[in-house]
Amino acid sequence: MPLDHSQLLMTMLDALGVVTRTVEHPPLRTIDDSKRLRGDLPGGHAKSLFLKDKKGGYWLLVALEQTRVDLRVAASQLQAPRFSFANENDLGRLLGVVPGAVSPFAAVNDEQGHVCVVLEQRVLACDILNCHPLRNDRTTTIAIGDLLKFLEHVRHSPRVIDLPEPTASE
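None of the values given here were measured: they were computed from a predicted structure.

Enquirer: When you look at the side chain of Thr-139 in this model, what are you seeing that I'm missing?
Expert: On the secondary structure map, Thr-139 appears in strand β7 (residues 138-143). In this view, Thr-139 contacts Arg-21, Thr-22, Val-23, His-25, Leu-41, Asn-130, Cys-131, His-132 and Pro-133; residues no more than four positions away in its chain are not counted.

Structure (structure tokens):
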């Protein structure tokens, strides 16, 4: 039987005293899939972008699903070179997940610390956040304070940025 990294994640969260709730659903690959199939889960819903800067640095940017992420603005706020989306091979190699399963929980697989985790400030304003537990056929609800505890535990203290709200003309 293959190793279930999602179960290892849940065991780690339990050991940290973190209470989560996980629901199963059909595999989700996009935000639109998520909205259509996840059911009625309270709290914020994460949108996680795995990025690479032009100098080869890797970033995991987590925002609420409705947040418009301008990669130029994000790079500027982080004083990073220009961002683009990292490829699927880098995603699997560094974060151990497939497209559609990217979430802040994937930081657990970056044992060498190659990826910088970034939270958009609206995420911190949520009491609870919903994200995939290393697989896209489940959604786990976690309190923001517990998510921060987890990120500290896996040595990925997040940086925080404040992306602008879209204007009425956008």
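Still to come is the rest of the account.
Enquirer: Sorry if this is basic, but what is going on with helix α4 (residues 88-95) here?
Expert: Helical geometry: 3.6 residues make up each α-helical turn, so side chains three or four residues apart lie on a common side. Within the span of α4, buried status applies to Asp-90, Leu-91, Leu-94 and Leu-95. Along α4, the residues classed as buried sweep out an arc of 105 degrees about the axis, all on the same side. Exposed residues on α4 whose side chains face more than 90 degrees from its buried face are Glu-88, Asn-89 and Arg-93. Those residues of α4 that are buried are in contact with β2 (44-53), β3 (58-64) and β5 (115-120). Where α4 begins, the side chain of Asn-87 points an oxygen toward the backbone nitrogen of Asn-89, at a separation of 3.0 Å. At the exit of α4 stands Gly-96, carrying a positive phi of roughly 65 degrees.

Enquirer: Help me understand unusual backbone geometry in this model?
Expert: Note: most peptide bonds trans; most residues except glycine with negative phi. Of note in the backbone geometry, Gln-79 takes a positive phi value of approximately 50 degrees without being a glycine. Within the secondary structure layout, Gln-79 lies in the loop between α3 (71-77) and β4 (83-85). Accessibility expressed as a relative area gives 75% for Gln-79, which makes it exposed.

Enquirer: I'm lost on the environment of Ala-75 in this one. Help?
Expert: One can find Ala-75 in helix α3. Given the relative accessible area of 5%, Ala-75 is considered buried. When the C-alpha positions of Ala-75 and Asp-53 are compared, they lie 8.2 Å apart, and in sequence the two are 22 residues distant. Contacts of Ala-75, omitting those with residues within four sequence positions, involve Ala-80, Pro-81 and Phe-83.

Enquirer: Teacher, can you tell me more about helix α6 (residues 144-153) here?
Expert: By the burial criterion, the buried members of α6 are Ile-144, Asp-146, Leu-147, Phe-150 and Leu-151. All buried residues of α6 project into a common sector of 160 degrees when viewed along the axis, lining one side. Of the surrounding secondary structure, the elements contacted by the buried residues of α6 are α1 (5-15), β5, α5 (121-124), β6 (128-131) and β7. With its phi angle positive at about 60 degrees, Arg-155 sits one or two positions after the end of α6.

Enquirer: Any chance you could explain the pairing of β5 here in plain terms?
Expert: For a regular strand, side chains alternate in direction, first toward one face of the sheet and then toward the other. Buried residues dominate β5, accounting for five of its six residues. Where β3 lies against β5, five bridges are found, and the strand directions are parallel. Directly across from Leu-60, in β5, lies its bridge partner Val-117. Relative to strand β8 (residues 159-161), β5 runs parallel, the two being bridged by three bridges. The residue bridging Val-118 from the neighbouring strand is Arg-159, located in β8.

Enquirer: Just checking my understanding: could you explain the packing of aromatic side chains for this structure?
Expert: In this description, a pair of aromatic rings is defined by centroid distance and the angle of the planes. Taken as a whole, this structure holds three aromatic pairs when the rule is applied. For the pair Phe-105 and Phe-150, a centre-to-centre distance of 5.5 Å together with 70 degrees between the ring planes defines the contact as edge-to-face. In this pair, Phe-105 sits in the loop between α4 and β5 while Phe-150 sits in helix α6, placing the two residues 45 residues apart along the sequence. Taken individually, Phe-105 and Phe-150 each receive the classification buried, so the pair is uniform in this respect.

Enquirer: What should I look at first to understand the pattern of salt bridges in this one?
Expert: It is possible for side chains of opposite charge to pair when their charged atoms get near one another. A complete count under the given rule lists six salt bridges for this structure. Asp-70 is the partner of Arg-72 in a salt bridge, and the nearest nitrogen-oxygen pair spans 3.7 Å. Given the relative accessible area of 66%, Arg-72 is considered exposed. Between Arg-122 and Glu-165 there is a salt bridge, with its nearest N and O atoms 3.0 Å apart. Separated by 43 residues along the polypeptide, Arg-122 in helix α5 and Glu-165 in the segment after β8 bring together distant segments of the chain. Overall, Glu-165 belongs to the exposed group, its relative accessible area being 55%.

What counts and what doesn't
- Residues numbered from 1 in each chain as written.
- Predicted model: local features only at pLDDT ≥ 70, side-chain atom pairs only at ≥ 80, totals over all residues.
- Heavy atoms only, no water.
- Helix = DSSP H or I, 4+ residues; strand = E, 2+ residues; numbered from the N terminus.
- Contact = heavy atoms within 4.5 Å.
- Buried < 20%, exposed > 50% of the residue type's maximum accessible area, 1.4 Å probe, protein only.
- Arc of directions from axis to C-beta.
- Polar contact = N/O pair within 3.5 Å; in protein donor to acceptor, adjacent residues only side chain to side chain.
- Pairing = 2+ DSSP bridges.
- Phe/Tyr/Trp six-rings, centres within 6.5 Å; stacked < 30°, edge-to-face > 60°.
- Salt bridge = Lys/Arg side-chain N within 4 Å of Asp/Glu carboxyl O.

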